[in-house]
Amino acid sequence: MENKILDKVQKLLKLSESPNIEESKLAMEKAHQLLKEHNLSISDIHEKSDLIENCFGHSRRIVNWKKSLINAICQYNYCGLLLKGQVHSDYYFALYGREDNIAVTKAMYDYLVNAIERIAKEERKNNSYFNLNDFKNGAVINISTRLRDLRIEESDCTSLACVSKEAEDFMRKNNPNTQRVSLKVHNSSSTNLGFTKADSISLNSQVSNERVVRDYIA
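Please read all numbers here as calculations on a predicted model, not as lab measurements.

1. Considerations on the confidence of the model for the chain
The predicted model of the chain averages 80 in pLDDT, with 81% of residues at 70 or higher. The low-confidence segment residues 156-162, where pLDDT is below 50, has 18 contacts with residues more than four positions distant or belonging to other chains. Note that residues 206-218 has pLDDT below 50 and, in this model, 50 contacts with residues that lie over four places away or in other chains.

2. As for the sheet that holds strand E3 (residues 91-98)
An order of E1-E3-E2 is seen for the 3 strands of this open sheet, with the pairing classed as antiparallel. Each edge of the sheet is formed by a strand with only one pairing partner; in this case those strands are strand E1 (51-59) and strand E2 (80-85). Within the sheet, the average angular offset between the axes of one strand and its neighbour, ignoring direction, is 25°. Examined bridge by bridge, E2 and E3 share 6 bridges and lie antiparallel to one another.

3. Quick notes on the packing of helix H3 (residues 64-76) against helix H4 (residues 99-126)
Interaxial distance between H3 and H4 falls to 10 Å at its minimum, and their mutual angle equals 140°. Taken as axis vectors, H3 and H4 run oblique relative to one another. Remark: the crossing between H3 and H4 carries right-handed chirality. Mapping the contact onto sequence places Trp65, Lys66, Leu69, Ile70, Ile73, Cys74 and Tyr76 in H3 and Thr105, Met108, Tyr109, Leu112, Val113, Ile116 and Glu117 in H4.

4. Some details on the pattern of salt bridges
Evaluated as defined, the whole model comprises 7 salt bridges. Here Arg60 makes a salt bridge to Asp90, at a shortest N to O gap of 3.3 Å. A residue pair is termed long-range when its members are at least 10 positions apart, and Arg60 in the loop between E1 and H3 and Asp90 in the loop between E2 and E3 qualify at 30 residues. For Arg60, a relative accessible area of 59% corresponds to the exposed category. A residue is classified by how much of its surface remains accessible, and Asp90, at 34% relative accessible area, is partly exposed.

What counts as what
Residues numbered from 1 in each chain as written. Predicted model: local features only at pLDDT ≥ 70, side-chain atom pairs only at ≥ 80, totals over all residues. Heavy atoms only, no water. pLDDT = per-residue confidence, 0-100. Contact = heavy atoms within 4.5 Å. Pairing = 2+ DSSP bridges. Helix = DSSP H or I, 4+ residues; strand = E, 2+ residues; numbered from the N terminus. Axes fitted to C-alpha atoms, helices over the stretch in contact; angles between N-to-C directions. Parallel < 35°, antiparallel > 145°, perpendicular 65-115°, else oblique. Left-handed = near helix turned anticlockwise from the far one by under 90°. Salt bridge = Lys/Arg side-chain N within 4 Å of Asp/Glu carboxyl O. Buried < 20%, exposed > 50% of the residue type's maximum accessible area, 1.4 Å probe, protein only.

Here it is in structure tokens:
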């Protein structure tokens with residue numbers, strides 16, 4: 001009986017690798033429910049990948065809307081995030097978490113950066129009277145809100161614990177002097193415009209050719 005349940009959970013976890021976020025979320029919820037009903041854990045299915053640090057996005061200057069975007073994506077994919085670098089040298093993002101989660105985070109970041117740049121460019125063709133940076137910040141606020149809502153829905157299933165805490169603990173262990181900072185966003189008509197236009201950015205699109213997987217622990 002247990003093997004049949006594990007087979008069903010494995011199939012659901014396979015479906016949860018779908019690049020379609022809604023389909024992935026539904027499959028993961030069903031897997032959670034089966035594990036809870038039969039007192040099983042994800043460790044009965046497969047071994048967890050290792051916690052790692054991965055650095056990317058090296059640049060002399062990283063604009064605030066990109067910082068806010070990667071932060072929202074990291075939270076959705078249960079990864080820790082640090083901005084590293086020094087004045088007069090490159091800055092870069094350091095991601096902490098399971099290898100699969102980090103791969104998904106980077107793929108989503110590339111996809112959403114390109115999508116935001118695209119809608120900003122399209123809007124500029126017809127409207128030159130808006131602040132480009134505020135527009136992009138507004139788009140990020142829209143996407144961050146939608147990702148946060150999706151994560152809250154997924155977290156309703158409590159049979160598996162999210163790995164966000166272990167990722168943050170791993171990050172702080174490797175960076176004991178870490179400090180939190182806040183990013184201020186100027187609220188303007190351009191911000192509101194970006195927020196509205198970002199509704200056209202699909203979160204159900206295929207964000208990469210990589211498998212879209214989020215790791216959980218029991």
